Amino acid sequence: MPDQPAAPEPLLVDDDLVLHGLHDAAVDDGVMAFEAIWQHERVGRVELLRGDVGDAELIWLFVPQYRAVGVVERALRLVVRWAFDELGLRRVEARVEDDDRDGVRAAMRAGLRKEGVSRAVAVPGGRGDVMVLSALDDDAPPHTREGFIAQLNAALPTKRAIAQGVIRDAEGRVLLCELVYKQEWDLPGGVVDPFESPAQCVVREVREELGVDVEVRSLLAVNWLPPWRGWSDATVFVFDLGVADEDLVARTTLQPREIRAVHWVGEEELEARVAPYNQRLLAFLLGHQGPTAYLEDGLPAL
């Protein structure tokens with residue numbers, strides 16, 4: 001029986017961009033390589049390294065002068081779509097050096113979404129941080145509204161949001177938490193969870209950490225905190241939780257892994273008990289009658 005003719009190598013086309021599948025790397029070997037031809041010039045190469053469970057890694061190398069004309073992202077988009085449609089893959093991943101902004105941008109415009117940074121990975125010339133990006137076979141295409149929003153959600157910077165509450169007693173003292181993990185005492189509250197409002201957060205945190213239910217009365221201030229002692233910057237929502245009855249402290253059930261004790265603290269004790277930014281915040285709130293204030297590092301910014 002005569003030999004069967006070899007299956008034709010894939011040819012991927014996007015207007016004036018053509019990707020030729022190469023004979024030196026076959027799909028059966030776990031690697032598929034494409035040569036990129038743009039306006040009749042060889043401009044780069046894209047490879048797809050297949051794993052064993054429906055995943056593949058995408059790597060590419062292009063002539064530097066063509067990175068800014070959109071050819072790289074178009075080539076990557078063709079290969080990713082081909083991997084899903086023709087090979088039936090579930091996930092395509094790219095790992096790009098974090099300081100390679102052109103490479104990260106090309107991968108994102110091809111439909112891959114940022115997942116995170118692998119630190120101090122072995123790279124040519126030493127070690128460096130590497131951005132991990134991926135596309136799934138059922139992701140919305142990047143040119144659609146759903147795909148565009150998903151790209152932004154994966155790429156936009158994040159900032160910690162914190163919700164805290166001011167609870168006072170009949171004498172005007174403020175309730176502070178003595179924390180297990182730091183020396184300074186702090187207002188009750190905590191970090192806002194994804195999809196949780198700051199007002200919901202402060203009620204939840206007080207219930208979880210102190211075992212009591214509170215009601216949000218108003219928003220006293222929004223306080224931007226610059227980086228401090230290793231923490232990145234944050235936005236703090238400070239709510240008025242009203243005046244508590246005299247037996248509040250006795251009714252608390254403290255979460256032992258975070259709260260050692262709670263105390264009523266007067267103005268004269270604040271400097272010795274709280275961090276400087278909270279000292280400034282509470283000093284401001286003592287004389288503030290409203291409306292909601294915008295603060296930076298505990299001081300009025302407007």
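Reading the values: the criteria
- Residues numbered from 1 in each chain as written.
- Predicted model: local features only at pLDDT ≥ 70, side-chain atom pairs only at ≥ 80, totals over all residues.
- Heavy atoms only, no water.
- Salt bridge = Lys/Arg side-chain N within 4 Å of Asp/Glu carboxyl O.
- Helix = DSSP H or I, 4+ residues; strand = E, 2+ residues; numbered from the N terminus.
- Pairing = 2+ DSSP bridges.
- Phe/Tyr/Trp six-rings, centres within 6.5 Å; stacked < 30°, edge-to-face > 60°.
- Buried < 20%, exposed > 50% of the residue type's maximum accessible area, 1.4 Å probe, protein only.
- Axes fitted to C-alpha atoms, helices over the stretch in contact; angles between N-to-C directions.
- Contact = heavy atoms within 4.5 Å.

## Focus on the pattern of salt bridges
Part 1 of the reasoning: The full count for this structure, using the stated rule, is 25 salt bridges.
Part 2 of the reasoning: One salt bridge in this structure joins Asp139 and Arg113, with 3.8 Å as the shortest N-O distance. Taken together, the positions of Asp139 in the loop between strand E8 (126-136) and helix H3 (145-155) and Arg113 in strand E7 (residues 113-123) put the pair 26 residues apart, joining distant regions of the chain.
Part 3 of the reasoning: The shortest N-O distance in the salt bridge between Asp193 and Arg204 comes to 3.5 Å. Separated by eleven residues along the polypeptide, Asp193 in the loop between strand E11 (189-191) and helix H4 (198-210) and Arg204 in helix H4 bring together distant segments of the chain.

## Examining the pairing of strand E4 (residues 41-50)
On a regular strand, each side chain points to the face opposite its neighbour's, so the side chains alternate between the two faces of the sheet.
Part 1 of the reasoning: Inspection of the sheet shows strand E3 (residues 31-38) paired to E4 by eight bridges, in the antiparallel sense. Paired with Trp38 across the strands is Glu41, a residue of E4.
Part 2 of the reasoning: In this antiparallel pair of consecutive strands, E3 and E4, the connection spans two residues, and Gln39 shows a positive phi of 50 degrees.
Part 3 of the reasoning: As judged from the seven bridges shared by E4 and strand E5 (residues 55-62), these two strands associate in the antiparallel manner. Bridging across to E5, Arg45 finds its partner in Leu61.
Part 4 of the reasoning: Counting the residues in the hairpin turn of E4 and E5 gives four residues, including Gly54, whose phi is positive at 85 degrees.

## Things to note about the packing of aromatic side chains
Part 1 of the reasoning: Applying the stated criterion to the full structure yields three aromatic pairs.
Part 2 of the reasoning: Relative to Trp82, the ring of Phe34 lies with its centre 5.2 Å away and its plane at 85 degrees, an arrangement referred to as edge-to-face. Of this pair, Phe34 sits in strand E3 while Trp82 sits in helix H1 (residues 71-85), and the two are 48 residues apart along the sequence. The exposure classification of Phe34 matches that of Trp82, with both residues buried.

## Description of the sheet that holds E3
Part 1 of the reasoning: Here we have eight strands laid out as an open sheet, ordered E1-E2-E3-E4-E5-E6-E8-E7, and mixed in their pairing. Each edge of the sheet is formed by a strand with only one pairing partner; in this case those strands are strand E1 (11-14) and E7. Direction aside, the axes of adjacent strands within the sheet are offset by 25 degrees on average.
Part 2 of the reasoning: Relative to E8, E7 runs antiparallel, the two sharing eight bridges. Counted as the bridge partner of Val123 is Gly126 from E8.
Part 3 of the reasoning: Across the face of the sheet, H1 comes into contact with E1, strand E2 (17-21), E3, E4, E5, strand E6 (91-97) and E8 while running at roughly 155 degrees to E5.

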